[in-house]
Amino acid sequence: MAVSTLAVQSRTTMCSSDKCLRSALIFEAQRGYRNLVSKDMRLNNFLSSKMSTVFSRSKHKLAEKLLKEVDVYGRASVRDRSKLLNKVSVVMGYDGLDDLIDDKGAENQSDLHPDGGADDFDISLMCKQFSSITLGSSPPIELYDGAPSNHGDSGLWATKICKEFLSSSAETRQDLQFNVDKPSTVPQHGVKQNDGLVEVMLDQSISFIPGLSKRNSRQLENCGFHTLRKLLQHFPRTYADLQNAQIGIEDGQYLIFVGKILSSRGVRASYSLSFLEVVVACDVVDSESPSTSRDDGAALESDKADSGRKKTVFLHLKKFFRGTRFTYLPFLKSLEEKQKVGDIVCVSGKVRIMRSKNHYEMREYNMDVLQDENDPSFCAQGRPYPIYPSKGGLSPNFLRDVISRTLKVLPSNIDPIPEDLAHDFGLLCLRDAYAGIHQPKSLKEAELARKRLVFDEFFYLQLGRLFQMLEGLGTELEKDGLLDKYRKSEFNLIDIDGWSMLTKKFLKALPYSLTSSQLRAASEIIWDLKQPVPMNRLLQGDVGCGKTVVAFLACVEVIGLGYQAAFMVPTELLAVQHYEQLQKLLANMEEEECKPSVALLTGSTSTRESRLIRQGLQTGDISLVIGTHSLIAEKVEFSALRIAVVDEQHRFGVIQRGRFNSKLYYNSISSKLSSSISDESSQDNVIMAPHVLAMSATPIPRSLALALYGDMSLTQITDLPPGRIPVETFLIEGNEPGFEKVYQMMLDELEAGGKIYLVYPVIEQSEQLPQLRAASADLETISQKFSGYKCGLLHGKMKSDDKSEALGLFRSGETNILLSTQVIEIGVDIPDASMMVVMNAERFGIAQLHQLRGRVGRGGRNSKCILVASTDSSLSRLKVLEESSDGFYLANMDLVMRGPGDLLGRKQSGHLPEFPIARLDIDGNIIQEAHLAALKILGDSLDLEKYPNLKAELSMRQPLCLLGD
Ligand SMILES: Nc1ncnc2c1ncn2[C@@H]1O[C@H](COP(=O)(O)OP(=O)(O)OP(=O)(O)O)[C@@H](O)[C@H]1O
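Residues numbered from 1 in each chain as written. Predicted model: local features only at pLDDT ≥ 70, side-chain atom pairs only at ≥ 80, totals over all residues. Heavy atoms only, no water.

Caption draft 1: The arrangement of unusual backbone geometry in detail. The phi angle at Asn840 is positive, at roughly 45°, despite the residue not being glycine. Turning to its location among the elements, Asn840 is positioned in the loop between strand E24 (833-838) and helix H30 (846-853). Unusually for a residue other than glycine, Leu944 sits at a positive phi of about 65°. Within the secondary structure, Leu944 sits in the loop between helix H33 (924-940) and helix H34 (948-957). (Helix = DSSP H or I, 4+ residues; strand = E, 2+ residues; numbered from the N terminus.)

Listed below in structure tokens is the structure:
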């Protein structure tokens with residue numbers, strides 16, 4: 001094992017300072033790690049200086065972590081001290097502290113290495129030794145805790161597995177192939193529990209694979225295959241459909257044959273290259289011979305001809321071995337003996353035509369020995385043949401072979417998922433899944449195996465996220481409450497009667513009634529606001545469905561209870577729009593004194609004004625602030641922030657969103673508001689992070705939402721306000737007649753009193769992309785063309801005031817045409833805008849175009865959207881927009897047609913965890929099941945104590961570096 005290699009390497013290079021360190025460690029251990037403080041400090045300093053030297057060249061996180069631990073050694077518990085000294089011993093090249101103490105020879109070691117031994121330490125080896133990952137704030141699960149017995153065990157274990165493997169291979173006389181039907185005879189050691197520590201078989205080093213040469217191990221390690229798991233997760237790229245061999249074999253075909261071994265030769269090709277050549281004779285027939293399709297009489301007649309259509313082909317199966325030691329005669333002899341002449345075998349793989357007639361070479365193949373020619377389980381039947389992607393120069397053939405050996409040593413109980421759960425969700429056990437994906441007997445088996453592995457990818461992601469959330473909570477009651485929230489989301493509602501007085505008054509003042517979907521969304525959110533745990537909810541719906549007013553209701557609800565709210569949006573334009581809209585809505589409220597005080601804080605707010613706003617927020621005089629990123633600035637302090645709404649949340653990084661969490665709310669502060677309007681002020685003295693309500697304008701399929709935001713509750717607004725007329729969509733090619741048509745339609749709209757957005761992909765014309773129409777450059781042309789009407793310009797490079805002015809003029813009707821870039825894509829709400837023309841529409845994604853189109857048709861007017869595409873061919877991609885105006889449907893289409901990357905855009909899709917085998921577009925159901933399964937497990941054991949194997953697996957999969965910015 002790597003550990004012992006390391007130990008030998010470092011021990012032999014022990015210098016005098018290492019000896020001192022060793023003595024100090026022994027001294028410390030012998031006194032039970034309980035030295036006097038003064039001695040601790042000496043040891044502390046000594047350890048620190050020694051370890052700093054050792055790690056001075058390493059930038060690895062583990063090094064940093066160890067150094068930190070060393071620094072606080074004097075204050076650590078006895079247990080932690082012993083653990084740390086164990087690790088230090090490993091750094092010094094021992095298998096652990098006990099090994100260091102036992103190493104009698106150490107005193108006699110001479111200084112062999114001029115640089116001092118431990119300096120040669122390789123941190124990656126150390127990582128392997130302590131491959132622990134901290135799971136939330138729970139103690140790390142240390143797979144190799146340095147307990148000497150473990151190492152001994154592992155070694156024995158490996159040897160035992162190896163022995164049993166070899167004896168089993170002696171039985172089958174097949175050490176190069178894996179018999180899928182034969183269950184592994186290896187003892188049941190998949191997951192070992194030892195003093196509370198869980199060792200996961202899959203994370204054992206590849207040295208467990210029998211018969212792997214050092215060179216092969218090195219090659220595999222260099223390509224990142226450090227563990228059995230890594231190897232087994234190198235999934236086939238696809239499966240070749242193995243056909244039964246027939247007459248008329250073509251070069252490169254994947255075929256399956258049954259035949260008899262004629263000869264087996266081990267050949268020394270050069271001083272460092274040898275190969276094994278097994279020749280198999282197979283009879284093949286022509287199934288399409290006339291006999292199979294003719295009537296009975298004719299068939300009889302053709303029987304003779306049929307036998308003429310049978311022929312014998314010779315397969316030359318070759319396996320190459322590189323390395324001098326593989327060229328020795330005994331080795332070659334032993335290879336030859338493994339393939340018995342006369343054995344009936346089933347061979348599958350890719351054939352290459354050889355020069356001599358009826359001779360074919362196979363270098364990529366599987367071979368199973370049959371009991372006899374009529375063995376029904378092995379009769380040559382087409383089966384999927386896995387095709388592996390090559391990796392780091394390793395040939396697919398080699399990988400197939402190693403994976404096959406790995407499967408052979410895999411015990412059956414490697415599955416951390418409890419049997420009953422696997423049964424409930426119709427899952428194969430993990431071992432069968434690995435066998436099924438790598439060596440399926442049918443495509444159905446491969447599909448079942450894939451389902452299990454996809455399930456795992458989603459399951460551990462969901463489990464990790466939920467587990468982490470639970471960890472953040474104090475009491476069991478809170479944890480149960482949180483799980484219940486996910487389990488019974490359909491019952492988590494508070495209807496209007498339970499809303500605060502202020503919210504009811506605000507609702508009454510709205511110029512419209514809420515749709516049933518808006519009402520439900522508000523009820524769900526308000527239910528969440530009353531829970532003792534911070535809400536983390538995503539509100540999504542189609543464009544223009546009225547999310548903003550639902551978010552306002554949530555803000556008003558907390559204000560009604562005496563707290564504050566913050567509403568963060570990505571652009572100033574949107575902030576101003578929301579602010580004005582809210583002011584209008586509040587103006588409708590009857591009782592002046594209960595109206596919440598609202599402020600607008602953006603980058604353009606003057607210094608004096610922002611100082612006043614900050615003061616107001618600190619004292620509690622301001623109860624709601626709407627603004628941009630400025631809201632999360634450190635100097636903005638709140639008196640009692642209870643909810644943070646983040647609009648267009650994907651435009652903010654996770655870290656930015658998370659900043660609100662540091663603006664803790666202290667319940668003891670009694671703001672002016674709480675004394676004046678609170679009708680139900682809660683008196684508990686809890687310190688809590690604010691609730692977060694994120695809003696997403698791009699509706700995304702539930703599966704994707706679960707993958708992206710598995711820890712968020714999801715609220716969907718599914719209907720649009722009444723009276724909305726679907727926007728008519730036209731696709732027009734951007735040639736001369738096309739533009740004439742567009743201009744005519746624009747003119748008709750203007751004459752009918754409509755307002756038009758003209759959307760461009762760029763601001764200025766560029767030499768590199770002359771085919772793109774540019775907003776600034778087109779202003780003059782359009783103004784001339786529509787001389788009786790006024791045109792405005794809006795783009796991201798304009799000053800904030802100019803942008804607001806341009807939008808204001810368009811809103812008030814002083815300008816009739818607004819030439820704009822996609823800055824209007826998000827949130828701009830001008831209900832009487834009735835036409836949109838998008839230039840170079842092929843430059844935009846489907847979801848983006850749907851967003852843009854959502855800027856029109858927000859009032860009662862008939863509206864049109866014209867998508868002008870540069871070429872005829874690009875129009876076909878946009879057709880789906882012509883057919884549907886349902887954002888959820890379009891998002892699904894986008895996901896299926898182009899995958900999550902296109903749908904979410906670069907930034908958001910960058911937050912998607914990696915799924916080596918799962919595909920979000922087709923595996924939506926599985927993610928839903930995985931979510932339920934995770935809830936079930938955590939419901940049974942909140943801290944996963946009942947499921948140590950799951951906990952260990954979870955920590956190994958590192959699902960927790962999610963959504964990092
Ligand atoms: N129930 C309703 N009845 C009538 N009009 C409504 C209703 N709810 C919202 N509206 C109006 O619909 C328009 C769109 O609402 P809002 O801006 O909240 O949509 P949105 O969901 O945020 O859309 P977008 O994602 O495009 O910003 C606004 O003018 C709003 O006043």
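Caption draft 2: Structural view of helix H29 (residues 800-812). An ideal rise of 1.5 Å per residue puts 18 Å on 13 residues; H29 measures up with 18 Å between its terminal C-alpha atoms. Considered for burial, the residues of H29 that qualify are Ser800, Lys803, Ala806, Leu807 and Phe810. One face of H29 carries all of its buried residues, which in axial projection span an arc of 130°. For H29, exposure combined with an orientation more than 90 degrees from the buried face picks out Asp801 and Ser812. (Expected span 1.5 Å × (residues − 1). Buried < 20%, exposed > 50% of the residue type's maximum accessible area, 1.4 Å probe, protein only. Arc of directions from axis to C-beta.)

Caption draft 3: Quick look at the sheet that holds strand E23 (residues 817-820). The 6 strands lie next to each other as E20-E25-E24-E21-E23-E22, forming an open sheet whose pairing is parallel. Single-partner strands in this sheet number two, and they are strand E20 (728-733) and strand E22 (791-794). The mean angle between the axes of side-by-side strands here comes to 20°, regardless of whether they run parallel or antiparallel. For strand E21 (residues 755-759) and E23, the ladder comprises 4 bridges, and the chain directions are parallel. Directly across from Ile756, in E23, lies its bridge partner Ile817. The sheet strands contacting H30 are E20, E21, E24 and strand E25 (864-869), and the helix crosses E24 at an angle near 150°. Sheet contacts for helix H31 (residues 872-883): E20 and E25; angle to E20, the most-contacted strand, approximately 175°. (Pairing = 2+ DSSP bridges. Axes fitted to C-alpha atoms, helices over the stretch in contact; angles between N-to-C directions. Contact = heavy atoms within 4.5 Å.)

Caption draft 4: How the structure looks around the side chain of Gln577. Along the chain, Gln577 falls in helix H22 (residues 572-587). Judged by relative accessible area, Gln577 falls into the buried class, the value being 5%. At 2.9 Å, the side chain of Gln577 forms a polar contact with the backbone nitrogen of Asp829. (Polar contact = N/O pair within 3.5 Å; in protein donor to acceptor, adjacent residues only side chain to side chain.)

Caption draft 5: Structural detail: the pattern of salt bridges. One pass over the structure, following the stated rule, counts 26 salt bridges. Here Asp829 and Arg858 are joined by a salt bridge, their closest N and O atoms 2.6 Å apart. Note that Asp829 is positioned in the loop between E23 and E24 and Arg858 in the loop between H30 and E25, a separation of 29 residues in sequence. For the pair Asp829 and Arg858, one class covers both residues: buried. Through salt bridges that share partners, Arg265, Glu277, Lys318, Glu361 and Arg363 make up one connected network. (Salt bridge = Lys/Arg side-chain N within 4 Å of Asp/Glu carboxyl O.)

Caption draft 6: A look at the environment of Asp829. For the pair Asp829 and Arg858, spaced 29 residues apart in sequence, the C-alpha to C-alpha distance is 7.5 Å. Sequence-distant contacts of Asp829, defined by excluding residues within four places in its chain, comprise Gln577, Arg811 and Arg858. Engagement of the side chain of Asp829 in a polar contact is seen with the side chain of Arg858, the distance being 2.6 Å.

Caption draft 7: Representation of a positive patch on the surface in the model. A surface patch of positive charge is lined by Lys214, Arg215, Arg218, Arg322 and Arg325. Take the positive patch: its biggest share by element is 3 residues, from helix H9 (residues 214-222). Under the relative-accessibility criterion, Arg325 is labelled partly exposed at 46%. (Patch = residues over 30% accessible without salt bridge, like charges linked within 9 Å, V, L, I, M, F, W, Y side chains within 5 Å. Areas by Shrake-Rupley, 256 points an atom, 1.4 Å probe, with all protein chains shown as cover. Lys, Arg positive; Asp, Glu negative; His and termini not counted. Charge placed at Lys NZ, Arg CZ, Asp CG, Glu CD.)

Caption draft 8: Layout of the sheet that holds strand E18 (residues 691-696). Strand order in the open sheet formed by 7 strands is E13-E14-E12-E15-E18-E11-E19, and the pairing between neighbours is parallel. Edge positions in the sheet fall to strand E13 (598-601) and strand E19 (713-717), since each of these pairs with one other strand and no more. Recorded for the sheet is a direction-independent mean angle of 20° between the axes of neighbouring strands. Alignment of strand E11 (residues 536-541) against E19, held across 5 bridges, turns out to be parallel. When the bridges of E19 are listed, Leu539 appears paired with Thr715. Each of E11, strand E15 (641-646), E18 and E19 touches helix H20 (residues 516-529); the most contacted strand, E19, lies at about 160° to it. Against the sheet, helix H23 (residues 607-619) touches strand E12 (564-568), E13 and strand E14 (624-627), its axis set at about 135° to E13.

Caption draft 9: Just the state of the cysteines, in detail. Applying the stated criterion across every chain yields a total of 0 disulfides. Left unpaired, Cys282 is separated from the closest cysteine sulfur, that of Cys346, by 9.3 Å. A relative accessible area of 0% places Cys282 in the buried class. The buried category is assigned to Cys346, whose relative accessible area is 2%. (Disulfide = S-S within 2.5 Å.)

Caption draft 10: Region of interest: the side chain of Arg855. Structurally, Arg855 can be placed in the loop between H30 and E25. One buried charged side chain, Arg855, makes no salt bridge at all; its nearest oppositely charged neighbour is Asp829, positioned 6.1 Å away. A polar atom in the side chain of Arg855 sits 2.8 Å from the backbone oxygen of Val828.

Caption draft 11: Structural view of the site of the ligand. By nearness alone, 19 residues border the ligand, and Thr548, Arg724, Asp829, Arg855 and Arg858 come closest of all. Here Gln518 contributes a side-chain N or O atom positioned 2.8 Å from a nitrogen atom of the ligand. Isolated, the ligand exposes 630 Å² of accessible area, and the fraction of that covered by the protein chains is 90%. Residue classes in the shell around the ligand are distributed as 6 nonpolar, 8 polar and 5 charged. Taken together, domain 3 (493-665 + 685-715) and domain 4 (726-883) each give at least three residues to the shell around the ligand, which thus spans both. (Near = heavy atom within 4 Å. Nonpolar A, V, L, I, M, F, W, Y, C, P; charged D, E, K, R; others polar. Domains from an automatic or database assignment.)

Caption draft 12: Summary view of the packing of helix H17 (residues 443-471) against H33. Closest axis-to-axis distance for the H17/H33 pair is 8 Å, and the angle between their directions is 45°. Overall, the two elements H17 and H33 adopt an arrangement that is oblique. Note on packing geometry: the crossing formed by H17 with H33 is right-handed. The segment H17 lies against H33, with Lys451, Val454, Phe455, Phe458, Phe459, Gln462, Leu463, Leu466, Phe467 and Leu470 engaging Ile926, Ile927, Glu929, Ala930, His931, Ala933, Ala934, Leu935, Ile937 and Leu938. (Parallel < 35°, antiparallel > 145°, perpendicular 65-115°, else oblique. Left-handed = near helix turned anticlockwise from the far one by under 90°.)

Read these as spatial facts, not as claims about activity.
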